[in-house]
Amino acid sequence: MAEHDRDAALSPSEQATIRDLLDADRRRTTERIALLGRDRDEIVTSSALTASDDEHDPEGTSTAFERAHVQALLDQALTHLAELDLASERLRDGTYGTCARCGQRIPIERLKILPAIKTCVKCASRRR
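Residues numbered from 1 in each chain as written. Predicted model: local features only at pLDDT ≥ 70, side-chain atom pairs only at ≥ 80, totals over all residues. Heavy atoms only, no water.

1. A short note on the overall build of the protein
Then step 1. Each helix and strand counted, the protein has five helices and zero strands in total.
Then step 2. For the protein, the N- to C-terminal ordering of α and β elements is α-α-α-α-α.
Then step 3. With 128 residues in all, the protein has 27% of them scored as buried.
Then step 4. Restricting to contacts in the protein with at least 6 residues of sequence separation, those with at least 24 account for 63%.
Then step 5. Here the protein has roughly 8700 Å² of accessible surface; of this, 54% comes from carbon and sulfur atoms. (Helix = DSSP H or I, 4+ residues; strand = E, 2+ residues; numbered from the N terminus. Buried < 20%, exposed > 50% of the residue type's maximum accessible area, 1.4 Å probe, protein only. Contact = heavy atoms within 4.5 Å. Areas by Shrake-Rupley, 256 points an atom, 1.4 Å probe, with all protein chains shown as cover.)

In structure tokens:
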């Protein structure tokens, strides 16, 4: 194992902390997905019960916007859930905490704030 690889490894206590953070974030995200799914379903159901002439119905455009907004939030939550699952996988296989772009260790402080993150601050700022 190269010295760089040893530096990237998380201690057992750091791994436990990250696992707890990922699990808690996963629970919150799963609950959010369920709530957003119900909201979307209610919007779809209520719009099906009203007139379908969005052009002349003053409520039609706001209903369409609301439905699109909730769907966008739902899509974001689903993407985040997938990112959390990948982070858990990386934690299990020992690659968690290593920047996917440069290979350097991501500081534990950053990982605690954004447990699904895959890049260090330097690489993340280059993307912009």
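2. Observations regarding the nonpolar core
Then step 1. Counting residues in each nonpolar core, the largest one holds 14 residues, and the members touching the most others are Leu-10, Ile-18, Leu-22, Leu-91, Tyr-96 and Leu-111.
Then step 2. Those elements giving two or more residues to this core turn out to be α2 (12-48), α3 (58-93) and α4 (108-113).
Then step 3. Counting residues per element, this core draws most heavily on α3, which supplies three residues.
Then step 4. Filtering out sequence-adjacent residues up to four positions away, Leu-22 remains in contact with Leu-84, Ala-87, Ser-88, Leu-91, Pro-115 and Ala-116.
Then step 5. Counting seven residues, the second-largest nonpolar core is a separate cluster that includes Ile-33, Leu-36, Leu-74 and Leu-81. (Core = buried A, V, L, I, M, F, W, Y, C linked by side-chain atoms within 4.5 Å.)

3. So, the pattern of salt bridges
Then step 1. A complete count under the given rule lists four salt bridges for this structure.
Then step 2. With a shortest N-O distance of 2.9 Å, Arg-105 and Glu-14 are connected by a salt bridge. Of this pair, Arg-105 sits in the loop between α3 and α4 while Glu-14 sits in helix α2, placing them 91 residues apart in sequence.
Then step 3. In this structure Arg-105 comes out as partly exposed when scored by relative accessible area, which is 30%.
Then step 4. Residue Asp-41 pairs with Arg-40 through a salt bridge whose shortest N-O separation is 3.3 Å. (Salt bridge = Lys/Arg side-chain N within 4 Å of Asp/Glu carboxyl O.)

4. Observations regarding the UniProt feature "zinc finger region: dksA C4-type" (unreviewed entry) in the protein
Then step 1. With numbering matched to this structure, UniProt assigns "zinc finger region: dksA C4-type" (unreviewed entry) to residues 99-123.
Then step 2. For residues 99-123, the end-to-end C-alpha separation is 8 Å, with 36% helix and 0% strand making up the annotated structure. (UniProt positions renumbered as here; feature names shortened; annotations may be inferred.)

5. Here we look at the state of the cysteines
Then step 1. For the coordinates displayed, the defined rule picks out zero disulfides.
Then step 2. Cysteine Cys-99 shares no disulfide, and the gap to the nearest cysteine sulfur, in Cys-123, comes to 3.7 Å.
Then step 3. Relative accessible area serves as the criterion here: at 4%, Cys-99 is assigned to the buried category.
Then step 4. Free cysteine: Cys-123, not disulfide-bonded; nearest cysteine sulfur from Cys-120 at 3.7 Å. (Disulfide = S-S within 2.5 Å.)

6. Some remarks on the environment of Ala-82
Then step 1. Mapping Ala-82 onto the fold places it in helix α3.
Then step 2. Taking the C-alpha atoms as reference, Ala-82 lies 9.4 Å from Arg-26; in sequence the two are 56 residues apart.

7. A few points about the side chain of Thr-29
Then step 1. Within the fold, Thr-29 resides in helix α2.
Then step 2. Side-chain polar atoms of Thr-29 contact the backbone oxygen of Asp-25, separated by 2.8 Å.
Then step 3. Setting aside anything within four residues of it in sequence, one finds Thr-29 in contact with Ala-77, His-80, Leu-81 and Leu-84. (Polar contact = N/O pair within 3.5 Å; in protein donor to acceptor, adjacent residues only side chain to side chain.)

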